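Fold and contact review
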Amino acid sequence: MPGDNIVVEGDVGREMYFIEAGELQVIIGRDTVVAGLGPGAFFGEMALVRTMLLLLLLLLLLLLLLLLLLLLLLLLLLSALTFLRRTRSRRRGWTGARPP
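As the structure is a computational prediction, the values presented were derived from the model and not from experiment.

A count of helical and extended segments in the protein gives one helix and four strands. Of the regular secondary structure in the protein, the N- to C-terminal order runs β-β-β-β-α. In terms of C-alpha radius of gyration, the protein reaches 32 Å, well past the compact-globule figure of 13 Å for 100 residues. In terms of its C-alpha atoms, the protein occupies a principal-axis envelope of roughly 100 × 25 × 20 Å. In the protein, of all internal contacts separated by at least 6 residues, the share reaching a separation of at least 24 is 35%. Total accessible area on the protein is roughly 9400 Å²; 67% of this is exposed by carbon and sulfur atoms. Of the charged side chains in the protein, 10 are positive and 8 negative, and the gap between their average positions amounts to 54 Å.

Here it is as structure tokens:
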């Protein structure tokens, strides 16, 4: 509706808008018109870029955590294999008799 605000300065953007029909004005402060937008124009694209960058960062952090967990699992597996090899080599020399 005429006079309605779509976005107010200082709002956190979460959407992108496409103007299909009509016109709107970009106003800074109370009455400083800095741009006019009409059919085919759009705004709010930076909100989508920011959201996608945050999601990408979250995905990278999750992948890093997964990599660290896999490395920890590998270290545990190598430790278990080392333990089993040592235990096996000790048993080969064991005769069953107790040492004096």
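From this point, the discussion proceeds with the structure in view.
As a volume, the largest pocket reaches approximately 990 Å³. In this structure, the largest pocket is lined by 31 residues; those nearest its centre are Ile6, Val7, Val8, Gln25 and Phe43. Only strand S2 (24-28) and helix H1 (45-92) provide two or more residues apiece to the lining of the largest pocket. The dominant element in the lining of the largest pocket, judged by the number of residues it contributes, is S2, at five residues. In terms of residue class, the lining of the largest pocket is built from 15 nonpolar, seven polar and nine charged.

Turning to the environment of methionine 52, a few remarks are in order. Its location among the elements puts methionine 52 in helix H1. In this structure the C-alpha to C-alpha distance between methionine 52 and phenylalanine 83, which are 31 residues apart in sequence, comes to 46 Å.

Our focus in this paragraph is the packing of aromatic side chains. Aromatic ring pairs are defined here through the distance separating the ring centres and the angle between the ring planes. Tallied over the full model, the rule gives two aromatic pairs. On the basis of an interplanar angle of 20° and a centroid distance of 5.0 Å, the ring pair of tyrosine 17 and phenylalanine 43 is categorised as stacked. Placement of the pair is tyrosine 17 in strand S1 (residues 17-18) and phenylalanine 43 in strand S4 (residues 42-43), with a sequence separation of 26 residues. Measuring from ring centre to ring centre gives 6.1 Å for phenylalanine 18 and phenylalanine 42, while their planes differ by 45°; the resulting arrangement is tilted. Remark: phenylalanine 42 occurs in strand S4 and phenylalanine 18 occurs in strand S1; sequence separation between them is 24 residues.

Moving on: the pairing of strand S3 (residues 32-37). With five bridges connecting them, S2 and S3 associate as antiparallel partners. Paired with leucine 24 across the bridge in S3 is leucine 37.

Quick notes on the rules
Residues numbered from 1 in each chain as written. Predicted model: local features only at pLDDT ≥ 70, side-chain atom pairs only at ≥ 80, totals over all residues. Heavy atoms only, no water. Helix = DSSP H or I, 4+ residues; strand = E, 2+ residues; numbered from the N terminus. Rg over C-alpha atoms; globule rule 2.2 N^0.38 Å. Contact = heavy atoms within 4.5 Å. Areas by Shrake-Rupley, 256 points an atom, 1.4 Å probe, with all protein chains shown as cover. Lys, Arg positive; Asp, Glu negative; His and termini not counted. Charge placed at Lys NZ, Arg CZ, Asp CG, Glu CD. 1 Å grid on protein atoms, 1.4 Å probe; cavity = no way out; pocket = protein on both sides within 12 Å on 5 of 7 lines; lining within 4 Å. Points joined across faces, edges and corners; volume = space filled by probe spheres on them. Nonpolar A, V, L, I, M, F, W, Y, C, P; charged D, E, K, R; others polar. Phe/Tyr/Trp six-rings, centres within 6.5 Å; stacked < 30°, edge-to-face > 60°. Pairing = 2+ DSSP bridges.

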